[in-house]
Amino acid sequence: MDVLQLLVSGLANGCVYGLVALGFVLIYKATEAVNFAQGDFMMLGAFVTLGLVNPEYAGLPFWLALPLVFLLMGAIGYAIDATILRVVFGQSQTAIIILTIALGFILRFVAGAIWGHEPQSLHSPLALGDIRFGGVVLRTVDLAVIVVTLILTLLLWQFFQKTKVGLAMQAASQNQMAAYYMGIPVKRVQGLVWALAGIVAAVAGILYASKGALEPNAGFIGIKAFAAAVIGGFGSLPGALLGGLIVGVIEPFAGRYLPPGYSQIAPYALLILVLVFRPHGLFAQVRTKKV
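The numbering scheme is per chain: residues are counted from 1 as the chain's sequence reads. Owing to the predicted nature of the model, reporting of local features is limited to residues with pLDDT of at least 70; listing and counting of side-chain atom pairs is limited to 80 or more, with chain, interface and lining totals taken over all residues. As a rule here, side-chain values cover all heavy atoms of the structure and leave hydrogens and water aside.

J.: Can you help me understand the overall build of the protein chain in this one?
T.: A tally of helices and strands in the protein chain yields eleven helices and two strands. Helix and strand definitions here come from DSSP, where helices need a minimum of 4 consecutive H or I residues and strands a minimum of 2 consecutive E residues; each element is numbered from the N-terminal end. Its helices and strands in sequence order give the protein chain the pattern α-α-α-α-β-β-α-α-α-α-α-α-α, from N to C terminus. Reported as C-alpha extents along the three principal axes, the dimensions of the protein chain are approximately 60 × 50 × 35 Å. In this scheme, a residue with accessible area under 20% of its type's maximum is buried, one over 50% is exposed, and one in between is partly exposed, where area comes from a 1.4 Å probe on protein chains only. The burial tally for the protein chain puts 50% of its 291 residues in the buried class. Whether two residues touch is decided by their heavy atoms; if any such pair falls within 4.5 Å, the residues are in contact. The long-range fraction of contacts in the protein chain, counting pairs at least 24 apart against all pairs at least 6 apart in sequence, stands at 76%. Only the protein chains shown count as cover for residues, and the accessible areas themselves come from Shrake-Rupley with a 1.4 Å probe. Split by element, the accessible area of the protein chain, about 13,900 Å² in all, is 69% carbon and sulfur. Working convention for charge: Lys and Arg count positive, Asp and Glu count negative, and His plus the chain ends are omitted. All charge positions are set by atom: Lys at NZ, Arg at CZ, Asp at CG, Glu at CD. The positive charge centre, built from 16 side chains, and the negative charge centre, built from 10, are 16 Å apart in the protein chain.

Here it is in structure tokens:
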């Protein structure tokens, strides 16, 4: 029962990591850029939801606030691409990485200035209590995290494989100049990718805040999510989810069966092993880039 309890808890945490990792992969698949502010996007989406839902702020009904949160976070993602990222369009990956790291610091500062730095709790209907199966205690919010993550991953995979916009995003990732000459509006497509990544981050932030306290430094979860994306295979949507699940499961088992402190380094130890023995990730499919 102890093992099963740790497994369920780890899967729920891993789903949150996987959702943030999905944001990394979304932007990378379409633009070949790495957004190190994705964890801070998650944090901002959670705070925006808290500001709209909690009675000490706007006090809107939770289900009414959700479309507003998604619309706002999508608009923020699109605006960041249109006003900041396009300025460095064509520059080196190093410049984009430094820019997104700086953006993360700005988002943490803005969240702290508006909502404060003290931990707060989101009034979420997802946290309804516990469900008991024998000796295993399942929180409803953990089940909600797992179900939402699986559904969202499936929808995103179908989006990239079956829709014209998704195929256009992949074409822009393969070769931006060729995509442009084929009539694909590359800049608009990249803006839509950033908007979609903002919405996915908002979903992750809502689920994260439903599980526990929220404060501006929660965005540092993006470091673990980045490790999960690399472990799963940077560029694979299912791989991002599976990588998140692996990281999420490793942590509670390392904390339970290894000496104190090992749970914090276990995901990164696995990351090193993956980079040494399978550099493209556990679930990545290496493809030749078309030019």
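Let us keep going from here.
J.: Before we go on, may I ask you to explain the side chain of Lys-211 in this structure?
T.: Examined against the element boundaries, Lys-211 turns out to sit in helix H8 (residues 186–211). Beyond its immediate sequence surroundings of up to four residues, Lys-211 is in contact with Ala-12, Asn-13, Val-16, Arg-139, Val-141, Asp-142 and Val-145.

J.: Mind showing me how you'd approach the pattern of salt bridges here?
T.: Oppositely charged side chains can form a pair if their charged atoms are brought close together. Salt bridge, as applied in this entry: a Lys or Arg side-chain nitrogen positioned within 4 Å of an Asp or Glu carboxyl oxygen. Within this structure, the stated rule accounts for three salt bridges. Across the pair Arg-108 and Asp-40 runs a salt bridge, and its minimum N-O distance is 2.8 Å. In this pair, Arg-108 is assigned in helix H4 (residues 93–115) and Asp-40 in helix H2 (residues 38–53), connecting sequence segments 68 residues apart. For Arg-108, a relative accessible area of 10% gives the class buried. Under the relative-accessibility criterion, Asp-40 is labelled buried at 2%.

J.: It is not clear to me how the packing of helix H9 (residues 221–232) against helix H11 (residues 262–277) should be interpreted in this structure. Could you clarify?
T.: Describing two packed helices takes the angle between their axes plus the distance from one axis to the other. Two elements in contact, H9 and H11, have axes separated by 10 Å at closest approach and are oriented at 30°. In terms of their interaxial angle, H9 and H11 are classed as roughly parallel. Between H9 and H11 lies a crossing of left-handed hand. Residues Ile-223, Lys-224, Ala-227, Val-230 and Ile-231 of H9 touch H11, and the partners they reach there are Gln-264, Pro-267, Tyr-268, Leu-270, Leu-271, Val-274 and Leu-275. A class-by-class count of the residues in the contact of H9 with H11 yields ten nonpolar, one polar and one charged. Lines fitted to the C-alpha atoms define the axes, with helices restricted to the stretch that makes contact. Angles between their N-to-C directions range from 0 to 180 degrees. Just so you know how the angles are binned, under 35 degrees is roughly parallel, over 145 roughly antiparallel, 65 to 115 roughly perpendicular, and the rest oblique. Two helices cross in a left-handed way if the nearer one is turned anticlockwise from the farther one by less than a right angle. They cross in a right-handed way if the turn is clockwise. Polar here means any residue other than Ala, Val, Leu, Ile, Met, Phe, Trp, Tyr, Cys and Pro, which are nonpolar, and Asp, Glu, Lys and Arg, which are charged; Gly is therefore polar.

J.: Whenever I open this one, H9 confuses me. Can you help?
T.: Owing to its 3.6 residues per turn, the α-helix brings residues three or four apart onto one side. What a helix should span is 1.5 Å times the count of its residues minus one. Here H9 contains twelve residues, and its C-alpha end-to-end distance of 17 Å stays within 8% of the 16 Å for a straight helix at 1.5 Å per residue. Residues of H9 that are buried sit in contact with helix H1 (2–31), H2, H8, helix H10 (237–257) and H11.

J.: Can you walk me through H1 in this structure?
T.: For H1, with 30 residues, the first-to-last C-alpha span of 43 Å sits near the 44 Å given by 1.5 Å per residue. Taken across its 30 residues, H1 has 21 buried, putting it largely inside the fold. Looking one or two residues beyond H1, the residue adopting positive phi is Glu-32, at roughly 60°.

J.: Is there a simple way to think about the pairing of strand S2 (residues 136–139) in this case?
T.: Every other side chain in a regular strand lies on the same face of the sheet, so the side chains alternate between the two faces. Residue alternation in S2 divides its side chains into a buried set, Val-136 and Leu-138, and an unburied set, Val-137 and Arg-139. A strand pair is defined by DSSP finding two or more bridges across the two strands. Sheet analysis places strand S1 (residues 130–133) next to S2, joined by four bridges and oriented antiparallel. Bridging across to S2, Ile-131 finds its partner in Leu-138.

J.: What exactly am I supposed to notice about the nonpolar core here?
T.: Soluble globular proteins: nonpolar side chains tend toward being buried together. Grouped together as the largest cluster of nonpolar side chains are 83 residues, with contacts concentrated most on Phe-41, Met-42 and Leu-156. No other element matches the 14 residues that H8 contributes to this core. Setting aside residues no more than four positions away along its own chain, Leu-156 makes contact with Leu-22, Leu-26, Leu-196, Val-200 and Leu-237. Side-chain atoms within 4.5 Å link the members of a nonpolar core, which is a set of buried Ala, Val, Leu, Ile, Met, Phe, Trp, Tyr and Cys residues.

J.: Looking at this model, I keep getting lost on the environment of Ile-96. Mind explaining?
T.: Looking at the secondary structure, you find Ile-96 in helix H4. With 22 residues separating them along the chain, Ile-96 and Gly-74 place their C-alpha atoms 20 Å apart. Those residues in contact with Ile-96 that lie beyond four places of it in its chain are Ala-33, Val-34, Leu-85 and Val-88.

J.: Help me understand the packing of aromatic side chains in this model?
T.: To describe a pair of aromatic rings, you give the distance between the ring centres and the angle between the ring planes. Two aromatic rings, drawn from Phe, Tyr or Trp (for Trp, its six-membered ring), form a pair once their centres lie within 6.5 Å of each other, and the interplanar angle then sorts them: stacked below 30 degrees, edge-to-face above 60, tilted otherwise. Per the counting criterion, the structure on display carries ten aromatic pairs. Members of the aromatic cluster, joined through ring pairs, are Phe-24, Tyr-28, Phe-36, Phe-226 and Phe-234. Consider the ring centre and the ring normal. A charge sits over the ring if Lys NZ or Arg CZ is within 6 Å of that centre and within 35 degrees of that normal. Against the face of Phe-105 rests Arg-108, its NZ or CZ located 4.4 Å from the ring centre. The side chain of Arg-256 reaches across the aromatic face of Tyr-257, ending 5.1 Å from its centre.

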